[in-house]
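Architecture and fold: a report
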Amino acid sequence: KKQKRIPWINGATSHQTMHGIGMLPTILHQMQVKFFEMNKEHKSHLSNLISLAYADGKFVEKEKVLLYAFGHKMGLSKAEINDSIINFNVDNFVMPDSCSERYNQLYELITMILIDGDVHEHEVSLLKKYANKLGFSESLVDKVAQKIREFLLKGYSTNKIADDLPNLISKF
């Protein structure tokens, strides 16, 4: 039985086209574009984290360790993270695609200001700015910041507060 001829796509044979293989270059290009965009989003977030780490005038070891952990979680290499630390630019904000990623970024931003055990007003002010860019209201950040202050006054460790952040954020 003779096979029906199908027009070639991207130089693929009719058999390859029928099985989707001819679309492979197009799919790979779309994946590369998506990866590049994802990288831009992650690098933007990393810049925000770096800015928060520097906000109190010091960049301590705990902040560096957390920054590398978040960067690796985002799929960034050590070289990309190092480059971001040296050349961070907070003017290139990229809004995350999903709501869950926005919450994740808010969680990571709050964790960054808690990690060194000191929460400075400048850090909170910067956090509000970034949270607003992420689409969160200032009142939400105020409520979360107030709750964090209460926990700190009660003697909760910043690690304990960071662990409870997803639950705390979801209450507001």
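Structure first, text after, so check above.
Residues numbered from 1 in each chain as written. Predicted model: local features only at pLDDT ≥ 70, side-chain atom pairs only at ≥ 80, totals over all residues. Heavy atoms only, no water.

What follows concerns the layout of surface pockets. Put simply, the largest pocket is a space of about 230 Å³. If you tally residues by element for the lining of the largest pocket, the top one is helix α2 (residues 24-54), at six residues. A per-class count over the lining of the largest pocket returns three nonpolar, seven polar and four charged. (1 Å grid on protein atoms, 1.4 Å probe; cavity = no way out; pocket = protein on both sides within 12 Å on 5 of 7 lines; lining within 4 Å. Points joined across faces, edges and corners; volume = space filled by probe spheres on them. Helix = DSSP H or I, 4+ residues; strand = E, 2+ residues; numbered from the N terminus. Nonpolar A, V, L, I, M, F, W, Y, C, P; charged D, E, K, R; others polar.)

It is worth spelling out helix α3 (residues 61-73) at this point. The end-to-end C-alpha separation of α3 is 18 Å, in line with the 18 Å expected for 13 residues at 1.5 Å each. By the burial criterion, the buried members of α3 are E63, L66, L67, F70 and G71. Angular distribution of buried residues about the axis of α3 spans 135°; they occupy a single face of the element. Those residues of α3 that are exposed and aimed more than 90 degrees away from the buried face are E61, K62 and K73. Of the residues one or two after α3, G75 is the one with positive phi, at around 90°. (Expected span 1.5 Å × (residues − 1). Buried < 20%, exposed > 50% of the residue type's maximum accessible area, 1.4 Å probe, protein only. Arc of directions from axis to C-beta.)

It is at 9 Å that the axes of helix α6 (residues 121-133) and helix α7 (residues 138-153) come closest, and there the two elements cross at 145°. The element α6 and its partner α7 pack so that their crossing is right-handed. In contact with E121, V124, L127, K128 and A131 of α6, α7 contributes E138, V141, D142, A145 and R149. Here the residues of the contact of α6 with α7 are counted per class, giving five nonpolar, no polar and five charged. (Axes fitted to C-alpha atoms, helices over the stretch in contact; angles between N-to-C directions. Left-handed = near helix turned anticlockwise from the far one by under 90°. Contact = heavy atoms within 4.5 Å.)

Look at α7 against helix α8 (residues 158-171): their axes get within 11 Å of each other, and the N-to-C directions meet at 145°. Relative to α8, α7 is oriented so that their crossing is right-handed. Each of L140, V144, K147, I148, F151 and L152 in α7 lies in contact with α8, whose residues at this interface are T158, I161, L165, L168 and I169. Classifying every residue of the contact of α7 with α8 gives nine nonpolar, one polar and one charged.

In the structure shown here, the tally under the stated rule is five salt bridges. Across the salt bridge formed by D118 and K58, the nearest N and O atoms sit 3.9 Å from each other. Placement of D118 in the loop between α5 (99-114) and α6 and of K58 in the loop between α2 and α3 is noted, with a sequence separation of 60 residues between them. Look at K58 and you get partly exposed, because its relative accessible area is 34%. In this structure, the salt-bridge partner of D142 is K128, at a minimum N-O distance of 2.6 Å. Of this pair, D142 sits in helix α7 while K128 sits in helix α6, and the two are 14 residues apart along the sequence. Given a relative accessible area of 31%, D142 falls into the partly exposed group. (Salt bridge = Lys/Arg side-chain N within 4 Å of Asp/Glu carboxyl O.)

So, about empty space enclosed by the protein. The gaps of empty space that remain are located by a probe, the size of a water molecule, rolled over the atoms. Under the definition given, this model contains one cavity of 30 Å³ or more. Quantified by volume, the largest cavity comes out at close to 40 Å³. What lines the largest cavity is I113, L114, V119, V124, L127, A145 and I148. Counting only elements with at least two residues in the lining of the largest cavity, the list comes to α5, α6 and α7. Within the lining of the largest cavity, the residues separate by chemical class into seven nonpolar, no polar and no charged.

What is shown is where atoms sit, not what they do.
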